[in-house]
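So you can see what is in the structure, the chains are spelled out below.
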Amino acid sequence: MIWLGMFFPNHTCKEEVKMAFNDLITIKKSLKYPQEGDIFVLQPQKDVFYFGKVIKTNLESSDSFIKGMSLIYVYAYSSHDKVIPKSLEEEELLIAPMIVNNQPWVKGYFETVDNVPVSENEKKVEFAFWDVLREECVDIYGHTVSNRPKYCGIYGLGSYGSVGKEVQKAIALKNSH
């Protein structure tokens, strides 16, 4: 919540402005930092869970917004409960890999349900990011890549808002076919 007095010092009313976010449903808040291999659920619709996995934490980058953050995958598999499928790593990704901070866990939009080491197959997923400033594809470290792989997201720091919007767009696209 934001107090108007913070942005409008002459404003006499301490009226609250709540920023609406409804792309993900709050599940369970946690102050625990994500660990590599953490499998988490997110809930874009009532009683529908999608599974994600923390692939890499504490990213190294010359970009201060990326340094220390985590790389996640969100899989296209959905369920009405939080039981992890045996073949999660074989599922397609719902959205391109994203670099996120720990806010999705802090705010309760991601709930860690298990930890399974990152598989060799998960390490080999080909992806890149579109750097909008340089207008080119880059890897997770910000280095230029020559080709655009199947999964290509936006290069930058994401959080629950960007994950939620991408998930909602992907679900809408999936349901339109």
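An account of the accompanying structure is given in this report. (Residues numbered from 1 in each chain as written. Predicted model: local features only at pLDDT ≥ 70, side-chain atom pairs only at ≥ 80, totals over all residues. Heavy atoms only, no water.)

So, on to the sheet that holds strand E6 (residues 98-100). Spatially, 6 strands are ordered E7-E3-E4-E5-E6-E11 in an open sheet, and the strand pairing comes out mixed. Edge positions in the sheet fall to strand E7 (110-115) and strand E11 (157-158), since each has one partner strand and no second. The pairing of strand E3 (residues 38-45) with strand E4 (residues 48-56) spans 5 bridges and is antiparallel. Opposite Phe 40, over in E4, you have Gly 52 as the bridge partner. Sheet contacts for helix H4 (residues 160-175): E3, E4, strand E5 (70-79), E6, E7 and E11; angle to E3, the most-contacted strand, approximately 65°. (Pairing = 2+ DSSP bridges. Helix = DSSP H or I, 4+ residues; strand = E, 2+ residues; numbered from the N terminus. Contact = heavy atoms within 4.5 Å. Axes fitted to C-alpha atoms, helices over the stretch in contact; angles between N-to-C directions.)

The subject of this paragraph is the pairing of E5. Two faces belong to every sheet, and in a regular strand the side chains alternate between them. Of all 10 residues in E5, 7 are buried; the element is thus mostly enclosed. Looking at chain direction, E4 and E5 are connected through 6 bridges and run antiparallel. Counterpart to Val 54 in the pairing with E5 is Ile 72. Summarising the sheet, E5 and E6 pair through 3 bridges and their orientation is antiparallel. Note on E6: the bridge partner recorded for Leu 71 is Ile 99. (Buried < 20%, exposed > 50% of the residue type's maximum accessible area, 1.4 Å probe, protein only.)

Applying the stated criterion across every chain, the model contains 9 aromatic pairs. Cluster of aromatic residues (ring-pair linked, three or more members): Tyr 73, Tyr 75, Phe 127, Phe 129 and Tyr 155. (Phe/Tyr/Trp six-rings, centres within 6.5 Å; stacked < 30°, edge-to-face > 60°.)

Turning our eyes to something else, we now look at the side chain of Ser 70. Looking at where Ser 70 falls in the secondary structure, it is placed in strand E5. A relative accessible area of 6% means that Ser 70 is categorised as buried. Leave out the neighbours within four places in its chain, and Ser 70 touches Pro 34, Val 54, Lys 56, Thr 57, Leu 59, Met 98, Ile 99 and Val 100.

Here Asn 121 lies in helix H3 (residues 120-123). A sequence separation of 32 residues divides Asn 121 from Glu 89, and the C-alpha atoms of the two residues are 7.4 Å apart.

Bringing the nonpolar core into the picture now. The biggest cluster of nonpolar side chains holds 21 residues, and the ones touching the most others in it are Leu 71, Tyr 73, Ile 99 and Phe 129. Elements with a contribution of two residues or more to this core: E3, E4, E5 and strand E8 (127-131). Excluding residues that lie within four positions of it along the chain, Ile 99 makes contacts with Leu 59, Ile 66, Met 69, Ser 70, Leu 71, Phe 129, Ile 140, Tyr 155, Gly 156, Leu 157 and Gly 158. In terms of nonpolar packing, the next biggest core, distinct from the first, is built from 19 residues, Val 54, Val 74, Leu 94 and Val 100 among them. (Core = buried A, V, L, I, M, F, W, Y, C linked by side-chain atoms within 4.5 Å.)

Another point: the layout of surface pockets. Its boundaries defined by the atoms lining it, the largest pocket holds a volume of some 430 Å³. Lining the largest pocket are 22 residues, with Ile 95, Ala 96, Cys 152, Gly 153 and Glu 166 positioned closest to its centre. At the level of elements, E6, strand E10 (151-154), E11 and H4 are the ones that each hand at least two residues to the lining of the largest pocket. Ranked by residue count, the leading element in the lining of the largest pocket is H4, at 7 residues. A per-class count over the lining of the largest pocket returns 12 nonpolar, 5 polar and 5 charged. (1 Å grid on protein atoms, 1.4 Å probe; cavity = no way out; pocket = protein on both sides within 12 Å on 5 of 7 lines; lining within 4 Å. Points joined across faces, edges and corners; volume = space filled by probe spheres on them. Nonpolar A, V, L, I, M, F, W, Y, C, P; charged D, E, K, R; others polar.)

All right, on to the state of the cysteines then. Inspection of the entire model under this criterion finds 0 disulfides. Note on Cys 137: no disulfide assigned, nearest cysteine sulfur contributed by Cys 152 at a separation of 3.8 Å. Using a relative accessible area of 7% as the deciding quantity, one classes Cys 137 as buried. Given the relative accessible area of 17%, Cys 152 is considered buried. (Disulfide = S-S within 2.5 Å.)

As a further point, take the environment of Glu 92. Tracing the chain through its elements places Glu 92 in the loop between E5 and E6. Under the relative-accessibility criterion, Glu 92 is labelled partly exposed at 43%. Sequence separation between Glu 92 and Ala 76 is 16 residues; the distance between their C-alpha atoms is 5.7 Å. Not counting chain neighbours up to four residues away, the residues in contact with Glu 92 comprise Tyr 75, Ala 76, Lys 150 and Tyr 151.

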